[in-house]
Amino acid sequence: MTSETLLEVVDACTLATLPDGSKVILQINQALLDKNPEQHEALIQPHQMRAHGTAVDDCAKRHQNVRGEPGGQCITVPDKVLDLHFDGWKCYLRISLPSADDLKKYPIHELTSPLPYEPQNRRHSRRGTKNKTVTLEEWRARLGFPTENVTRHTIANTTQMVKTLQAETREYMRDHYKTRVLALRPRRINDTMYSDTFFSSVCSVRGYKCFQMFALKQSKVEFIKLMKKEAQAPEMYQDVIRDHGAPNRTVTDNAQVMTGTKWTAINRSYCIESGFTVPHHQHQNYAELQGGNFKLATIKLYHYTPWAPLIYWCYATQYLDMVRRSLSRNTLNWRTGHEAMNGDTPDISIFRFRWFAPVWYYAPSSSFPSDKMLPGFCLGIAPNTGDGFSYTILPVKEYKDIPLTRSPVTLVRSVVRDRDMSSSVPPVVVESTTGLTFYNAEGDEIFSEEELDRQDEEDAMSISSSVSAESVDDTNRDSISLSLLDLEVFPIAEEPEIEDMEIDDPINVSTTPIQSPTEDPKDSNEPRAPLVSQSQIEVEDVDSDDEDDFIHSQEEDSLPTYSRLEYADDVVKDVNNHFSQGDDEPDEDIDSILDHRYVDGILELEVEFYTGETEWLDLEIVKDEDPHSVAQFILKSDLGPIMNGKHRRWARKFLRSLRRTMRRLFRVTDTGFSSSTFDPTPSFPTCRTRRATAAAAAKAKTKPKKKAGNKQMGNFKYGLEIPKKWLDVIRIDAKSKNTKWQDAIHKEVAALLLHKCFDFRSPDFKPTSDYQYAPLNLVYDIKADLRYKARLVCNGCRVDPRGLSTRATVVKGISVRLLDLIAESQGLEVLCGDIGNAFIQAFTKEKVYTRCGPEFGSRHQCIAIISKALYGLTTSAERYRTLFADFLRGEGFKPTRYDRDVWMRLRDTNDGYDYICTHVDDFKIVAKDPHAWMDKIAKSFLVKESGPREYYLGNDYKFHDESNTWTYGCKTYAAEAVAQTERVFGCIAKQSTPLPPKDCHPETDDSPLLLLDEHRKYQMLLGQLQWLLTIGRPDLCQAVSSLNRFGSCPREYHLDLAVRAFGYVKTTINKCIAIDSRPLQYSRSFPNYEKLRPDFLEDYPDAKEEMDPNFPKAFGPILETTILVDSDHAHDLKTRRSITGLLAFVGSTPVHWMSKRQGSIASSTYAAEFSALRTATEEAMNIRYMLRCLGVNIGTKPTDVFGDNLSVIQNSQNPEADLSKKHVAISFHVVREAIAAGIICPYWLKGKYNLSDIMTKQIPKPEFVKHTDFIFWRPNFHIHDKNRIDENFDDDCAYA
C-alpha cells in the first residue's frame, strides 16, 4: 500500500477461535479493508470498541493492572466474555475467513458501532459560527486579478488551512508573541534557470530602477529581484540561490554583467553549468517571454488598483512575485509552479488582502489614550518576518496622503484587518450566542461573521467606484482612461545586444502622462504607468583603462584643503571603485565588514552598507567590490588555521600593491605628469628621503647575503635527483635514459585505480555545490635500497572538514609494553604486520573533486570525484581506523576500556584472551594462534609485511637463547638519529651521561639566543630525543625534561647540551630492555603494613579500591607492580620548583617513566617528597586499572612503592601523624587512604638503590651507570634466579 492509496471503510465479519477452543463470529463495523494478499494480520482500535460499549481489558493475566490486580485478558460483550490469547508480547485473537455455514453455525457478536467513527472531529468550538468561506471573486482580488478559470484551479490545487486569524475575530486588537500558525511550515531545483534584466522608466520610491528576472522553464516559476543598478545582478542571483536553491544550469544572454567575473564566480562556487544564447536570438532566453508576461501582470494590477501611484511599482512587483508562484497553470495540468518545483502544495492563506488595500493595523506602541487601531494601506507581504502572516503597511489614511517622495515610512505589522474607506472609525466586535456581530461608531450593524468575505469584496468595489466618482467631481483629480493602459504606452522592447547599442543616443519613450490622484494635471509631468523597458537608458563607460585620461582629470581638479591622509582615503576608494560597473550611488557602498562564517566550505562575510542594511556575501564578491576593506578585515581576524595563511598572503600582497599605486598617484597629482625620458621640473629628494636611503644602504651592507642557489636543480638523495613536478620527471628520465620515475608514478596511479579511488567524469562536468575542489600533488622519494617511490596525495588543506570527525587515535606506548609482558607471562605468540595502501581501502565522507593531471594518461584534464580516503585528506586516518575497527568488531574483538586501540577477544577455549593493537597501518597480534588472525586480516586487507616481531614502532626486538629472554631497544632509530645529527653538526664526541653531572642548570644560562636556522635544528634534536625517550630510553628522561622547557626560545648553550645528549646516545646505542615478568626482589623491613591497615581503616573507614564492574575476567599468572619514586627539592634555580622522578615496573620490566616539575613550590624536602609520593600513588592506580582492563591477573597484593626519604615513609604509615599545611596535607591523605584501601605499600629504600634518582637530577657517572645497568638488559644479570633492586653492583659497566 502506497501513501497515496486510501483504504476502503467496510463492515466485515471474522471467525475467531478462543483459547478454550470455542469459536465465535465477530462483526466489526467501520473497519478498514486492506486487499493486499501479503497482509496476514489485522489491527483493531480498542478505543473504537469502547466507544460502542464493548469492554476491552488488554492487560495479560500474568501482569498487574493499575489497581494492582491481575489483568483480565479479555473482551466483554453483552452476555459473553471473549478470552484473548497472549504470546508474551501482545494480546490477540486467532481469526480466519468464515464460510457461509460458519455464519449460521456460530454466534455473532458486534464489537464496533455501525455509525461513522470520527474520533478527531471537534464537537465543541469556541466560535459561535463556522469559519467563513471566501468567495471566488474575493480570492481573485487577493491573487492579483487572474482569470476566473486560473483562480478556480488555483484554489483547487492549493490549501487554505488558515481560515481566520485572531486579529480578524477579536473584539479589540492586541499583540501576539507566539506563532499563530504552526501548520504552515513551507519548503527545493532540478531545472534550468533563465535570467534577464528589465528596466523601468520610472524610478521607484525606494530608488529601484530595474529588476532581474529568474525563470525556471519546466516548473514555470519566476523570481523577481529589485535592483538599483544592473551591476547588482550577481548579488540577486546569489540571493535566489540562497532563498530557493541552485539550478542545474543557468542560461543568460551576453550582457556583460551576466558574463563577468562575479556571475561566473557564483556558478563556480555552486557548480552550476553556464549557458548563453546566440546574439540576436532573444527567443532562446525563456526569461524574455516571462518578463513580458510579468510586465503585463503589473499593468493589469494597476488597472484594478487606480489609486496606487506609479512610483510604488517596486511593491507591486514584489507582491506579484509571490502571487504568481502560487497560480495554477494550464501547461502544468493546472498545478502551481511552486508544486512543480518543490513537490508540495502551496498554501495561499497568506494572501488576505489585495495589493494597496486600505487596512487597519495594530500599533502597540501608541500611548494612552490614543487608539491602537490605525489606518493604512497594505503594500504586500513582508517575507521572512514573524510567523509568515506579516504585511508591509503604508501608515496613511486617505488617498491624498499617499507620499510621493523617496523612501516613505513603512511599517511591518502582523495584526491587520480590512478597512472601509467610507468609515474613519474602526469597527467594534461583539460576541453573542449567534456569533460575532460588527458595529460601527453609530451602533449600526455592519456585517456578521458569515458576511465577512462578501463584505471584503463589496468594500473593494466601493473603493473603485468612489475613486472614479471623486475623480469626476474633484478638479484636483484626473479621470482614469483605460485606453492609456494600452501596450503602446508600455512598450515591451527587446534589449539590444552590446555591440548594437548606441551609447550617445539614449532611447527615448514617449508616453501620455497620467497624474496621481493628489496632483494637479497642469503641474504634473510624472507618467501614470511604469514605463518598463529592456533597453538601458544610459550606459556609462566605467571600464576605461586610459591612464592618461585619469591623470589629466586629476590635474584639472585641484587638491582639497584637507589633510593628505584624508586624501589618501579618497584615493583608496577611487582605486577600489575604478572598475566597478553601474551607477556609483553612495547608499550602495560598503561601510564595514562585521563578521565571517563558512557555508559548505565557502567563506562568507557579513557586510554593512551605508544604508544600514547588512547582508552575507561570498568573499570573492566582496573582494571585487571593496578589496581594501576585505584585506584589512582579514589581517585583523582569525579565519581558522586552514584559511589564515592563504588569505593573509593575498591581503598583504594587495595592500603592498595598493600603497605602491597610491605613491604613484600622489606623485602624479602633486608634481604633474612626468616622462621617463625628459623631466622639465626635476625634483630634489627631501631630507627625510635622504635619511631613509642612507639607512637602507647601511642595512644592506650589514645584512648577510643569501647563498646563491641553482633553482634549476632539484633535491638530491643518495646522489640521485628527486623531481618536484611532472616536467622534472620527464627531464630526469630522459637524462638518465630510463623510465624509473615514470614507472613509480604509474605504479602508484595503478594502485589507486585498482582500489577505485576515483569516479571519473568528463572535463566539463560540474559537481553540485556541496562538493569542494582540492588539487592532487605527487610526492617523490628514494628509499634506502634505491627504490623510486611516488605518492599521489590530495591537498587536503583546501577542504573544509567541518562537521566531520578527523580524530584517529593510535595505541599508547605503555600498552605495547604491557602486551609484550602478557605474551611473555602467558606463553603467547606475537606477530607484527603492516597494511599496504591502508587509507585508500576506506571510503571517504568528504565531498571532494579534483582535475586529473598528466599522470592519469588518457584521463588528463578529466574531473574525478574522490571516493576513497586518499592520502592528504584530513579525515582519511579516521576513515581507515573506523574501517579496521569495524573489521575487528566483526571478528568478535572489543576495544579495551583504557586504550581504544588495543582490541581483545576471549578465546574459544575460554582460557585467556587474544589481543590486537593498532598504530595507523601497523598492527601487532598477541595470541595463542596469531597466524589464524593474520590470515583473516590478509583476506580483507593488503598486508605487505608480516612475521614475528623484529621491528615495531621504532623498536628492535631480539630473542636471546642463552637467557631465554626477549629484549627490545631502539638501536635502528638511534643510529639514524645520530647519523642525521652528525650530518648537521659534524662528528659528535661520545659522552658517559646525557648532561654534565655537575652544575648543569640550563635555566640559568644567559648565552645568546639562537637564530631561526639554529632554532629549527634545536627543535629537530628535541623531537628525536623525545621519540627515543618514548619508545624505550628512560635514561634520557631528565635530560629531555630539562631541555624541553626551552623549545620556544633556546639559547646557544641549550643547543650544545642537546648535541651532547646525542653523544651519550652514540655511546649507549645498543641499550635494550628485557621483557621479564618475574617480580622484583627486595629486603622487607619494619614496618609491617598488614598490621597497620586496621589502624588506617579507623581514619578512612570507607577506603577501598574502586573496581569497574565491566572489567573482563582475569587469566594467567599474577603480575606484580612496583614503583620507585624520588624528588629533587628546589631543583630549578630560577623558580625553585622541585622535580618528581618516577620509574614503574610490571614484573621486572620498566613500563613507565616520568620526570616532571612539580606544580607548586615546596618549602621543604619533606613536602617535595610527599608530593612525589602522591604522584606515585596516582600512577599505581593507573597501571592497576590498565592491567585489569587487559584481563591480567594482578591478585590482591598492593603495588610496592619505594622512596628514599625515611621521614616521609614513616609519616605515611604512622596513624598518629598529622599535618597542618594544606597543600602537603592533601598529598598526605591521598597516600594514607591508598594504603588503607590496599592499593599501595610504601617502603624505604637507600638512595644508592633508588633507580628513579636518575629521573630527578644529573648524578656522577659511577652511580648513573649502576642505575642504568639495572634498568637495561645485561647478559649476566637477567639469568639470575632473583632480580634484587637492593644488591650492590660490583661489576664494571661495559658499553656494548
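Note that the coordinates shown come from a computational prediction; the quantities given were computed from them, not determined experimentally. Within every chain, residues take consecutive numbers counted from 1 along the sequence as written. Per-residue local features are limited, in this predicted model, to residues with pLDDT of at least 70; the limit for side-chain atom pairs, both in listing and counting, is 80 or more; totals at the level of whole chains, interfaces and linings are taken over all residues. The basis for every side-chain value is the complete set of non-hydrogen atoms in the structure, without hydrogens or water.

A.B. asks: Go over the overall build of the chain with me, naming the residues and quoting the values.
C.D. replies: Under the scheme used here, helices are H or I runs from DSSP no shorter than 4 residues and strands are E runs no shorter than 2 residues, and both carry numbers assigned from the N terminus. Regarding its fold elements, the chain presents 31 helices and 53 strands. A total accessible area of about 67,100 Å² is found for the chain, and carbon and sulfur atoms account for 51% of it. Accessible surface area values rest on a Shrake-Rupley calculation with a 1.4 Å probe, where residue burial reflects the displayed protein chains alone.

A.B. asks: Just give me the short version of the sheet that holds strand β9 (residues 108-110), but keep the residues and values in it.
C.D. replies: Strand order across the open sheet formed by 4 strands is β8-β1-β2-β9, with mixed pairing between neighbours. Two strands close off the open sheet at either side, each with one partner strand: β8 (94-96) and β9. Ignoring strand direction, the axes of neighbouring strands in this sheet form an average angle of 40°. Paired strands are those between which DSSP finds at least two bridges. In terms of strand pairing, strand β1 (residues 8-17) meets strand β2 (residues 23-33) through 9 bridges, oriented antiparallel. Paired with Ala16 across the two strands is Val24, which belongs to β2. Interaxial angle, 0 to 180 degrees, is taken between N-to-C directions of lines fitted to C-alpha atoms, where a helix line uses only the stretch in contact.

A.B. asks: Got a sec to walk through the pattern of salt bridges? Specific residues and values, please.
C.D. replies: Each salt bridge in this description consists of a side-chain nitrogen of Lys or Arg and a carboxyl oxygen of Asp or Glu lying within 4 Å of one another. Applying the stated criterion to the full structure yields 44 salt bridges. Note that Asp321 is salt-bridged to Arg325, the shortest N-O span being 2.8 Å. With respect to class, Asp321 is no different from Arg325; both count as buried. Each of the salt bridges in this network shares a partner with another, and the network as a whole consists of Glu222, Arg324 and Arg329. Between buried and exposed lies partly exposed: a residue is buried under 20% and exposed over 50% of the maximum accessible area for its type, with that area taken using a 1.4 Å probe on protein chains only.

A.B. asks: An account of unusual backbone geometry is requested, with residue identities and associated values reported.
C.D. replies: For Asn333, which is not glycine, the phi dihedral falls at a positive 60°. For Asn333, the position within the fold is in the loop between β15 (328-329) and β16 (335-336). The exposure class of Asn333 is exposed, given its relative accessible area of 67%. Despite not being glycine, Val920 has its phi angle at roughly 60°, a positive value. With respect to the secondary-structure elements, Val920 resides in the loop between β40 (913-919) and β41 (922-927).

A.B. asks: Could you give an account of the environment of Ser1007, with specific residues and numbers?
C.D. replies: Position of Ser1007 relative to the elements: it lies in the loop between α23 (971-985) and α24 (1012-1032). By relative accessible area, Ser1007 is classed as buried at 15%. Note: C-alpha distance between Ser1007 and Glu1052 (45 residues apart in sequence) is 5.9 Å. If near-sequence neighbours (up to four positions away) are discounted, Ser1007 is found in contact with Arg1051, Glu1052 and Tyr1053. For Ser1007, the side chain forms a polar contact with the side chain of Asp1005, separated by 2.5 Å. Working rule for contacts: check all heavy atoms of both residues, and any pair within 4.5 Å makes them a contact. In the analysis that follows, any N or O atom pair within 3.5 Å is treated as a polar contact, provided that within protein one partner can donate a hydrogen and the other can accept it, and provided that, for residues neighboring in sequence, both atoms belong to side chains.

A.B. asks: Report on helix α4 (residues 148-156), specifying residues and quantitative values.
C.D. replies: Of all the residues in α4, the buried ones are Val150, Thr151 and Thr154. Along the axis of α4, the buried positions cluster into a sector of 100°, meaning they face one direction only. Among the structural elements, α3 (136-142) and β15 are those in contact with the buried residues of α4. Throughout, the arc means the angular range of directions from the helix axis out to the C-beta atoms.

A.B. asks: Could you give an account of the nonpolar core, with specific residues and numbers?
C.D. replies: Note on terminology: a nonpolar core comprises buried Ala, Val, Leu, Ile, Met, Phe, Trp, Tyr and Cys residues joined through side-chain atoms within 4.5 Å. Judged by nonpolar contacts, the single largest core of 109 residues is most densely connected at Leu818 and Tyr915. Looking at which element gives the most residues to this core, the answer is helix α28 (residues 1165-1189), with 11 residues. Residues in contact with Tyr915, not counting those within four places in the same chain, are Leu819, Ile822, Leu828, Phe893, Trp903, Met904, Lys924, Ile925, Val926 and Leu1190. Tyr319, Trp355, Ala357 and Phe377 belong to the second largest nonpolar core, which has 61 residues in total.

A.B. asks: Talk me through helix α20 (residues 813-826); I want residue IDs and the actual numbers.
C.D. replies: For α20, with 14 residues, the first-to-last C-alpha span of 20 Å sits near the 20 Å given by 1.5 Å per residue. With respect to burial, α20 is a largely interior element, 12 of its 14 residues being buried. Within the span of α20, buried status applies to Ile814, Ser815, Val816, Arg817, Leu818, Leu819, Asp820, Leu821, Ile822, Ala823, Ser825 and Gln826. Within two residues after α20, Gly827 carries a phi angle of roughly 70°, on the positive side. Expected helix span is computed as 1.5 Å times (number of residues minus one).

A.B. asks: So, the side chain of His1054: which residues are in play, and what are the values?
C.D. replies: Among the secondary structure elements, His1054 is positioned in helix α26 (residues 1052-1067). The class for His1054 is buried, based on a relative accessible area of 1%. Excluding anything up to four places from it in sequence, His1054 contacts Pro1002, Asp1005, Tyr1018, Leu1043 and Phe1046.

A.B. asks: Lay out the sheet that holds strand β20 (residues 411-413) with the relevant residues and their values.
C.D. replies: In spatial order, the strands read β20-β19-β18-β17-β21; together these 5 strands make up an open sheet with antiparallel pairing. Each edge of the open sheet carries a strand with a single partner, namely β20 and β21 (416-418). The average undirected angle you get between the axes of adjacent strands in this sheet is 50°. Bridge count for strand β17 (residues 357-362) against β21 is 3 bridges, and the pairing is antiparallel.

A.B. asks: A description of the packing of α23 against α26 should follow, citing residues and the corresponding values.
C.D. replies: Two elements in contact, α23 and α26, have axes separated by 10 Å at closest approach and are oriented at 135°. If you check the angle between α23 and α26, you find them oblique. Here α23 and α26 pass one another in a crossing that is left-handed. Mapping the contact onto sequence places Ala974, Ala977, Val978, Thr981, Glu982 and Phe985 in α23 and Leu1055, Val1059, Phe1062, Val1065 and Lys1066 in α26. Taken together, the residues of the contact of α23 with α26 sort by class into 8 nonpolar, 1 polar and 2 charged. Roughly parallel covers angles under 35 degrees, roughly antiparallel covers those over 145, roughly perpendicular covers 65 to 115, and oblique covers all other angles. Throughout, a crossing is termed right-handed when the near helix is turned clockwise from the far one, and left-handed when it is turned anticlockwise from it by less than a right angle. Under this grouping Gly is polar, as are all residues other than the nonpolar Ala, Val, Leu, Ile, Met, Phe, Trp, Tyr, Cys and Pro and the charged Asp, Glu, Lys and Arg.

A.B. asks: Describe in detail a positive patch on the surface, supporting the description with residues and values.
C.D. replies: Like-charged residues are merged into a patch within 9 Å and nonpolar side chains (Val, Leu, Ile, Met, Phe, Trp, Tyr) within 5 Å, provided each residue has over 30% relative accessible area and no salt bridge. Working convention for charge: Lys and Arg count positive, Asp and Glu count negative, and His plus the chain ends are omitted. A charged residue contributes its charge at one atom only: NZ of Lys, CZ of Arg, CG of Asp or CD of Glu. Positive charge collects at one region of the surface, where Arg649, Arg652, Lys653, Arg656, Arg659, Arg660 and Arg663 lie side by side. As for its position among the elements, Arg656 is in helix α16 (residues 644-671).

A.B. asks: Quick rundown of the pairing of strand β14 (residues 273-276)? Include the residues and the values.
C.D. replies: Summarising the sheet, strand β13 (residues 249-252) and β14 pair through 4 bridges and their orientation is parallel. The partner of Arg249 across the bridge, within β14, is Glu273.

A.B. asks: Account for the packing of aromatic side chains, with residues named and values stated.
C.D. replies: Classification of ring pairs rests on two measures: the distance between centres of Phe, Tyr or Trp rings, Trp counted by its six-membered ring, which must be within 6.5 Å, and the angle between planes, read as stacked under 30 degrees, edge-to-face over 60 and tilted in between. In the structure shown here, the tally under the stated rule is 38 aromatic pairs. Aromatic pair Tyr302 and Trp355: ring centres 5.5 Å apart, planes at 70°, arrangement edge-to-face. Taken together, the residues span a long stretch of sequence, with Tyr302 in helix α8 (residues 286-304) and Trp355 in the loop between α10 (337-342) and β17 at a distance of 53 residues. Each member of the pair, Tyr302 as well as Trp355, is classed as buried. Ring geometry for Phe760 versus Phe856: centroids 6.0 Å apart, planes at 70°, classification edge-to-face. Of this pair, Phe760 sits in strand β31 (residues 758-761) while Phe856 is found in the loop between β36 (843-851) and β37 (863-868), placing the two residues 96 residues apart along the sequence. Phe760 gets classed as partly exposed once you look at its relative accessible area, which sits at 22%. The criterion is that NZ of a Lys, or CZ of an Arg, lies within 6 Å of the ring centre and within 35 degrees of the ring normal, and then a charge sits over that ring. Across the ring face of Trp139, the terminal group of Arg142 is positioned such that the distance to the ring centre comes to 5.0 Å.

A.B. asks: Lay out the pairing of strand β35 (residues 829-835) with the relevant residues and their values.
C.D. replies: With 6 of 7 residues buried, β35 lies mostly within the body of the structure. The pairing of β35 with β41 spans 6 bridges and is antiparallel. Opposite Asp834, over in β41, you have Asp922 as the bridge partner. Where β35 lies against strand β42 (residues 943-948), 5 bridges are found, and the strand directions are antiparallel. Looking at the pairing, Ile835 lines up with Val943 of β42.

A.B. asks: So what's going on with the layout of surface pockets? Residues and values would help.
C.D. replies: Lining residues are those with an atom within 4 Å of a point, where the points come from a 1 Å grid over the protein atoms alone and group into cavities, where a 1.4 Å probe fits but cannot get out, or pockets, open sets with protein on both sides within 12 Å along at least five of seven lines. Grid points are joined across faces, edges and corners, and a volume is the space filled by probe spheres set on the points. Each pocket or cavity is described by its volume, and for the second largest pocket that value is around 1,600 Å³. If you trace the second largest pocket, you find 39 residues lining it, with Glu41, Ala42, Leu43, Ile44 and Ile95 closest to the centre. Sorting the residues of the lining of the second largest pocket by element identifies β1, β2, α1 (46-51), β7 (91-92) and β8 as the ones contributing at least two each. The element best represented in the lining of the second largest pocket is β2, accounting for 6 residues.

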